[in-house]
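One-letter residues, chain by chain:
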Amino acid sequence: VFSGSRLAKIADELADRTGMGEILAGALFVGASTSLPGAITSVSTAFQDHPSLAIGNALGGLTAQTAFIAVADLFYRRANLEHAAASVTGLAQAVLLLTMLSMPLIAATEPDITVWGVHPASAAIVISYIFGLRLLSKIKTEPMWRAVRTSDTEEEVSAVDENDPRSDESLWRWFVVHAGITAIAGFVVGEASIALVAMTGVEESAFGTVFTAVANSLPELVTAIAAVRIGAVNLAVGDVIGGNAFEVLFLCLADVAY
């Protein structure tokens with residue numbers, strides 16, 4: 001939770017310095033780093049022969065993180081958060097997430113087809129994500145859709161603090177440190193979940209969906225709230241949607257680990 005709040009401020013500064021934009025920075029860096037706890041929990045529990053806990057954690061994380069947009073919206077008093085963060089990259093990112101999420105859901109209802117123990121859908125998800133990232137980088141300069149601008153729509157403005165003594169290298173180092181802390185926390189949560197399931201007798205998928213997923217999604221919550229409080233609404237939405245995309249992406253690694 002602590003590292004998640006720090007990641008928002010560091011990523012906002014890096015988005016301005018690199019010219020990447022808040023949506024892409026939120027999807028790639030913040031979304032990835034705050035999703036590390038859930039991702040590592042899914043991979044480690046799948047590797048230890050607890051597939052239901054791994055899947056419950058991943059899908060429960062998707063649900064919790066999406067609900068956290070509503071929580072972050074409560075902290076943005078000016079207007080509706082999704083409207084304020086409307087952008088062509090945000091829309092494309094959401095469509096990419098829906099496309100990726102449909103693949104494991106379809107695969108779960110189809111015959112059990114594996115290649116070296118891995119479902120072809122896992123490879124399709126990775127390919128779709130790489131293609132989606134290329135589309136996101138291109139669509140910013142060549143949009144096929146534009147958001148209607150209103151008085152409540154927040155424009156992304158690069159606001160590099162010229163007086164900030166920290167170098168780009170220093171910001172990246174701190175970003176990696178805080179992302180590492182969230183990753184270690186994810187492994188600990190996974191191990192604790194396995195032990196608690198054994199002690200309580202609760203079904204793995206139910207425990208993963210409710211308890212493990214919410215615990216691992218807390219970095220997204222505090223990051224989104226922190227981003228909203230500093231006015232980086234696009235970063236907040238990009239964090240949640242990007243985090244969800246990484247949750248689906250790491251299902252592939254969990255499939256390989258199982």
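Quick note: structure is the one above.
What comes next concerns the included structure. Computed from a predicted structure; not experimentally measured.

1. A closer look at the overall build of the protein
Then, in step 1: Regarding its fold elements, the protein presents 9 helices and 0 strands.
Then, in step 2: Mapped from its N terminus to its C terminus, the protein presents α and β elements in the order α-α-α-α-α-α-α-α-α.
Then, in step 3: Within the span of the protein, comprising 258 residues, buried residues form 50% of the whole.
Then, in step 4: Partitioning the intrachain contacts of the protein with sequence separation of at least 6 by distance along the chain shows that 84% fall at a separation of at least 24.
Then, in step 5: Carbon and sulfur atoms make up 67% of the accessible area of the protein, which amounts to about 12,500 Å² in all.

2. Section: the packing of aromatic side chains
Then, in step 1: Applying the stated criterion to the full structure yields 2 aromatic pairs.
Then, in step 2: For the ring pair Trp172 and Phe175, a centre distance of 6.1 Å and an interplane angle of 75 degrees mean the geometry is edge-to-face. Note that Trp172 and Phe175 are positioned in helix α7 (residues 168-200) at a spacing of 3 residues, about one turn of the helix.
Then, in step 3: We classify Trp172 as partly exposed; its relative accessible area is 31%.
Then, in step 4: On the basis of relative accessible area, Phe175 is assigned to the buried category, the value being 7%.
Then, in step 5: On the numbers, 5.1 Å between centres and 40 degrees between planes, the contact of Phe207 with Phe211 is tilted. In this pair, Phe207 and Phe211 both sit in helix α8 (residues 204-229), 4 residues apart, roughly one turn of the helix.

3. Things to note about the packing of helix α5 (residues 88-109) against helix α9 (residues 233-257)
Then, in step 1: One way to put it is that α5 packs onto α9 with a least axis distance of 9 Å and a crossing angle of 25 degrees. In terms of axis orientation, α5 runs roughly parallel to α9. In this structure, the crossing between α5 and α9 has a hand that is left-handed. For the pair α5 and α9, contact is made by Gly90, Gln93, Ala94, Leu97, Met100, Leu101 and Pro104 and by Gly238, Ile241, Gly242, Asn244, Ala245, Val248, Leu249 and Leu251, respectively.
Then, in step 2: Its residues placed into classes, the contact of α5 with α9 shows 10 nonpolar, 5 polar and no charged.

4. Topic: α9
Then, in step 1: Look at α9: 36 Å from first C-alpha to last across 25 residues, which is about the 36 Å you get at 1.5 Å a residue.
Then, in step 2: For α9, the tally of buried residues reaches 23 of 25 residues, placing the bulk of the element in the interior.

5. Thoughts on the nonpolar core
Then, in step 1: In terms of nonpolar packing, the biggest core is built from 37 residues, with Tyr76, Leu81, Met100, Ile125 and Tyr129 touching the most fellow members.
Then, in step 2: Here this core gets 12 residues from one element, more than from any other, and that element is α9.

Calculation notes
Residues numbered from 1 in each chain as written. Predicted model: local features only at pLDDT ≥ 70, side-chain atom pairs only at ≥ 80, totals over all residues. Heavy atoms only, no water. Helix = DSSP H or I, 4+ residues; strand = E, 2+ residues; numbered from the N terminus. Buried < 20%, exposed > 50% of the residue type's maximum accessible area, 1.4 Å probe, protein only. Contact = heavy atoms within 4.5 Å. Areas by Shrake-Rupley, 256 points an atom, 1.4 Å probe, with all protein chains shown as cover. Phe/Tyr/Trp six-rings, centres within 6.5 Å; stacked < 30°, edge-to-face > 60°. Axes fitted to C-alpha atoms, helices over the stretch in contact; angles between N-to-C directions. Parallel < 35°, antiparallel > 145°, perpendicular 65-115°, else oblique. Left-handed = near helix turned anticlockwise from the far one by under 90°. Nonpolar A, V, L, I, M, F, W, Y, C, P; charged D, E, K, R; others polar. Expected span 1.5 Å × (residues − 1). Core = buried A, V, L, I, M, F, W, Y, C linked by side-chain atoms within 4.5 Å.

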